[in-house]
Amino acid sequence: MRACAADAEVGYAPLVAALAALALAAALASVMIGYARLDVPAALADAFAGRSSAAAVVLEQIRLPRAALGALVGFSLGLSGAALQGLLRNPLADPGVIGVSGGAAFGAVVVFYSGLAGVFALAMPLGGVAGAIVAALLLYALVGRGAGTMTLILAGVTVNSFAGALTALALNLSPNPYAAYEIMFWLMGSLADRSLPQLWLALPLTVVGWGLLLTSAPALDALTLGEDTASSLGFDLGRLRAQLVAGAALAVGAAVAVTGAIGFVGLVAPHLLRPLVGNRPGRLLLVSGLGGAIMLLVADIVVRLIPVHPELKLGVATALIGAPLLYGLIDRMRREA
Amino acid sequence: MRVILCTLLLLFASPAFAKPQRVVSLNLCADELALRLADPGVVKSVTWLSQDPRSANVAAQAAALPANDGHAEEALAFDPDLVLVGPFSEPTSIALLRRVGAPVVEVGAPQTLEGVRRQIRDLAAALGEPQRGEALVAEMDARLARVAIDPIRPRLKALVLRPNGFTVGPGSLVDEILSRAGLDNLAARLDIAADAQVPLEVVALLGADILILDRDEASAPSLADATLDHPAIAALASRMTIVSLPARLWTCGGPEIAEAVERLAAAAAARGREATP
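Residues numbered from 1 in each chain as written. Chains lettered and ligands numbered in written order. Predicted model: local features only at pLDDT ≥ 70, side-chain atom pairs only at ≥ 80, totals over all residues.

Caption draft 1: Examining the environment of Met32(A) more closely. Considering the arrangement of structural elements, one finds Met32(A) in helix H1 (residues 12-32). Considering only alpha carbons, one finds Met32(A) and Val316(A), 284 residues apart in sequence, at a separation of 22 Å. (Helix = DSSP H or I, 4+ residues; strand = E, 2+ residues; numbered from the N terminus.)

Structure representation (structure tokens):
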């Protein structure tokens, strides 16, 4: 392991602290920047004094949930990307690329447009989680252990396009005339006008998912030595797989149910940060989650600063950064092969 | 012989015989006007949208008729002598109808009150019922005239919020409806086109007295409608009067806009009484 860590120039704790500070700064910037001039200190004072001034309402009900959801969803995507890449031992495994996000979007769409979301509050995030689990299981059945990159990507493309088609079908079946035009939100994602109740709904399932993913760190590190070695070290690989798939489904499913599927975050964040943790997949988890949060918060600030109406979808901004990176990654893998 | 022929021709050309007998409407707004203006039984088919009491004002009458999806071939099945289309009808459908020789009249989306009157009169003429058109216009104008606007009260500031966060700017029929109800449209300050999206935080900070939500009673859920249920709007209820105005009253520029004006004027009067007890 030491040899692998040779290119790690930074210590783990300082790296985590620096990324956490950056994520916090990005979240603060996200609160400060918006479409209207908002006196944030005054709004904060009103909010603490319990005065429901218009400024306090904007801060509490619009700006804060948006920033918090940006951090939450970005962290979920970055963390899940790192975990899935560790599990499948493939740098292209990302919830967006392999169809887990698409499956989650379909699950959430079915729950929301059928009116089931009004029956009990948690239905919406649970729908997202169910869709994500189905997509992950479908994928795992095809890819199994040790399948090549080609199989993974082809399986992912298949699951992804199928989930996208089902989402479009479900939206077109809705009697609401607006529904058919909402596919962009579900396939590209957005944080526009999300609300505080949505944050509280997504939070519990997401945090459980984070717990499952983060506690798999030692097993993921052992897995780099090969499955047999990991088993002989006492790690139950069947349990690890179940834990990671459930964790990613919970984190990504609950996030997508609120914001729609946002691509490339789970791909780019681990890819950029991997060299900084000496290629140790266990250490990459937390770091990649923080990186994902920073990336999503910055993308969400960018879409608000670009004077385009209606607002750009978040997936457009992340794809503009992520697609060239993915291209370069595939190119390098092809030449190394 | 020639005299008889001429007499016959004149007879058939007179209004009593020029009335279309098989009218098919392919547009929601045309449905409503046609059902109000034409003799019973003349309208053979209307759009499915008209059969939903949430989106249409003539749902009871429309429910008894075969519904269509706005396609040309559905209209042709009735061998129509008049087909009504709307501003958003497929150009290919309209072209197809014209090619096979079906008379087509297009119902527009009037942007002024005067345009609404003209539209009613034009359609009434096409249906051979000019008197009914005049009566409908007179009824609408009488209702509008009854909406008393207190000239002393300062005009209240209002903002329209539609699904997906759209508002309506100056130079539109909605702007004129607001003005008739004694309200100033705040969207005029936003430097926007007639229809534009406004971020919710701008809505919250603009300082409207009245927020008018374009909301249908119980349609299936959508993200677009969910923007009107955002908790920020509920949190602002103590600061501004929130009025829900069903889309069926002001989506089409028809005589029902009189009711929209009445409801808004009533809300403005109530707000005015609240402000100065």
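So much for the structure itself; the text now carries on.
Caption draft 2: Structural detail: the pairing of strand E6 (residues 156-161) of chain B. All names here are of chain B. Burial of E6 is extensive: 5 of the 6 residues sit out of reach of the surface. Summarising the sheet, E6 and strand E8 (residues 183-185) pair through 3 bridges and their orientation is parallel. Across the sheet, the residue bridging to Ala158 is Asn185, located in E8. Note: E6 against strand E10 (residues 210-214), 4 bridges, orientation parallel. Within the sheet, the bridge partner assigned to Leu161 lies in E10 and is Leu213. (Buried ≥ 20, exposed ≤ 12 C-beta atoms within 10 Å, placed from the backbone. Pairing = 2+ DSSP bridges.)

Caption draft 3: The domain arrangement of chain B, seen in detail. Residues and elements named next belong to chain B. One can read the domain layout of chain B as domain 1 (18-143) and domain 2 (152-275). When each unit is reduced to the centre of its C-alpha atoms, the spacing between domain 1 and domain 2 is 28 Å. On the domain 2 side, the residues contacting the 21 residues of domain 1 number 18 residues. Contributing elements (two or more residues each) for the side of domain 1 that touches domain 2: helix H3 (28-37), helix H7 (113-126) and helix H8 (130-146). Within the side of domain 1 that touches domain 2, the residues separate by chemical class into 11 nonpolar, 6 polar and 4 charged. (Domains from an automatic or database assignment. Contact = placed C-beta atoms within 7 Å. Nonpolar A, V, L, I, M, F, W, Y, C, P; charged D, E, K, R; others polar.)

Caption draft 4: Quick peek at the pairing of E10(B). All names here are of chain B. Taking burial as the measure, the 5 residues of E10 include 4 buried ones, the bulk of the element. Strand direction decides the pairing type here: E10 and strand E11 (residues 241-245), joined by 5 bridges, are parallel. Along E11, the bridge assignment pairs Ile210 with Thr241.

Caption draft 5: Molecular detail of the sheet that holds strand E2 (residues 43-47) of chain B. Residue and element names in this part refer to chain B. Spatial strand order, E3-E2-E1-E4-E5: 5 strands in an open sheet with parallel pairing. Edge positions in the sheet fall to strand E3 (67-68) and strand E5 (104-106), since each of these pairs with one other strand and no more. Here strand E4 (residues 82-85) pairs with E5 via 3 bridges, running parallel. Residue pairing across strands places Val83 opposite Val104, the latter belonging to E5.

Caption draft 6: Region of interest: the packing of helix H5 (residues 123-143) of chain A against helix H11 (residues 237-259) of chain A. All names here are of chain A. The contact between H5 and H11 brings their axes to 7 Å, and the two run at 135°. When the axes of H5 and H11 are compared, the pair comes out oblique. The two elements H5 and H11 cross, and the hand of that crossing is right-handed. Note on element contacts: H11 touches H5 through Val245, Ala248, Ala249, Leu250, Val252, Gly253, Ala254, Val256 and Ala257, opposite Met124, Pro125, Gly127, Gly128, Val129, Gly131, Ala132, Ile133, Ala136 and Tyr140. A class-by-class count of the residues in the contact of H5 with H11 yields 15 nonpolar, 4 polar and no charged. (Axes fitted to C-alpha atoms, helices over the stretch in contact; angles between N-to-C directions. Parallel < 35°, antiparallel > 145°, perpendicular 65-115°, else oblique. Left-handed = near helix turned anticlockwise from the far one by under 90°.)

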